[in-house]
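Descriptive analysis of the structure
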Amino acid sequence: MRHSVFSLLLGAISLITTTGVTGLEFTVSLEENGKAADASKLQFVKIPPLKHRRRGHRNATVATGQHVTAKRGNNDISYSDNWCGASSRSNDADPIRNVFGYFTVPDLKLRAGIPPPQYAAAWIGIDGAKCNQTLLQAGVTTVVNSNGGQSASAWWEWYPGAAYTIANLPVKPGDWMSVNITAHDATSGRIIVTNAQRGYSMTLNLTSGPKLCRWDVEWILEDFYEAETNKQVPFASFQDLWFLDTEATTVRGKNVGIDGAAMVHLMNPQGKVLCQAEKYDNANFVITSH
């Protein structure tokens, strides 16, 4: 990133960002316990974009990045090296407008035989699968250390332009969060991150972002890749993680939620499934650790 300037404007933070690929700008507002609060208490810590895009399993077909091995009801079952959850699609004729869901902040425990610290990231986003060159998303990452202690942090990203950890935004493992992302068009949108248990809601309004395809929507738990090393972080075990009241709509109002979505299982290079997604009904599903 070449340049960033912070300015305070009427209780909101305006961050003007210029990179080699985007002139992304955003403003943020904050509510606490239902009332407007001073958003300047939030700190946006710039991090390298973390390449949360989907990677097909090593045995996947090159053409799709997926290996569909079964069909359960209306849902394909597919495998990925890094994603576990649900992924649905639209098309150019009727692009994605909005995606929403509640989920629990990952509550981790150490996976045997893997050195700590270990991680898992839960998020909701637009693009990143079929449209692999861009992704607008927000979520939370939990890390568990050698003594079993955990910490969690919220973040957002518009890949490949910018990614930020949101310091001073309270979040703990097991909290119920919601993420609501709207793509106004291909280069502007809004992200709302809410933690009702902690009494806050943050709204980001974004402009001049990297061009979205608006083909994909996702609700994902991820074993992500570090930007600096391009290697996956050690993936922790976790308590069952639910995505509830999931919704996704297109510009024309079509529902492209988890009914008919691909349910994605995470498989390691040795062919062992570490994480499995199971649909409960047309709006809710659970991710379990293996």
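Thresholds, definitions, all that
- Residues numbered from 1 in each chain as written.
- Predicted model: local features only at pLDDT ≥ 70, side-chain atom pairs only at ≥ 80, totals over all residues.
- Heavy atoms only, no water.
- Pairing = 2+ DSSP bridges.
- Helix = DSSP H or I, 4+ residues; strand = E, 2+ residues; numbered from the N terminus.
- Polar contact = N/O pair within 3.5 Å; in protein donor to acceptor, adjacent residues only side chain to side chain.
- Contact = heavy atoms within 4.5 Å.
- Salt bridge = Lys/Arg side-chain N within 4 Å of Asp/Glu carboxyl O.
- Buried < 20%, exposed > 50% of the residue type's maximum accessible area, 1.4 Å probe, protein only.

Looking at an unreviewed UniProt entry, the protein carries the name Concanavalin A-like lectin/glucanase, with the source organism given as Podospora pseudocomata.

Bringing the pairing of strand 3 (residues 25-32) into the picture now. Here strand 3 pairs with strand 17 (residues 200-207) via eight bridges, running antiparallel. From the neighbouring strand, E31 faces strand 17, where its bridge partner is S201. As defined by bridge partners, strand 3 adjoins strand 4 (residues 35-37) across three bridges and the pair is classed as antiparallel. Looking across to strand 4, one finds that E32 is bridged to K35. Taken together, strand 3 and the strand that follows it, strand 4, pair antiparallel across an intervening segment of two residues, in which N33 is found at a positive phi of about 55°.

Time to look at the side chain of Q118. Relative to the elements of secondary structure, Q118 occurs in strand 11 (residues 118-126). Separated by 2.7 Å, the side chain of Q118 and the backbone nitrogen of R111 make a polar contact. Beyond its immediate sequence surroundings of up to four residues, Q118 is in contact with L108, K109, L110, R111, T142, V143, V144, P234, F235, A236 and S237.

Turning to its location among the elements, S153 is positioned in strand 13 (residues 150-159). Sequence separation between S153 and V143 is ten residues; the distance between their C-alpha atoms is 9.0 Å. When sequence neighbours within four positions are dropped, the list of residues in contact with S153 reads G139, V140, T141, T165 and V171.

With that out of the way, let us pick up the pattern of salt bridges. The full count for this structure, using the stated rule, is four salt bridges. With a shortest N-O distance of 2.8 Å, D175 and R198 are connected by a salt bridge. Here D175 is found in the loop between strand 14 (162-167) and strand 15 (176-183), whereas its partner R198 is found in the loop between strand 16 (189-195) and strand 17, with 23 residues between them in sequence. Given a relative accessible area of 2%, D175 falls into the buried group. You can call R198 partly exposed: its relative accessible area is 36%. For the salt bridge of D259 with K279, the shortest nitrogen-to-oxygen distance reads 3.4 Å.

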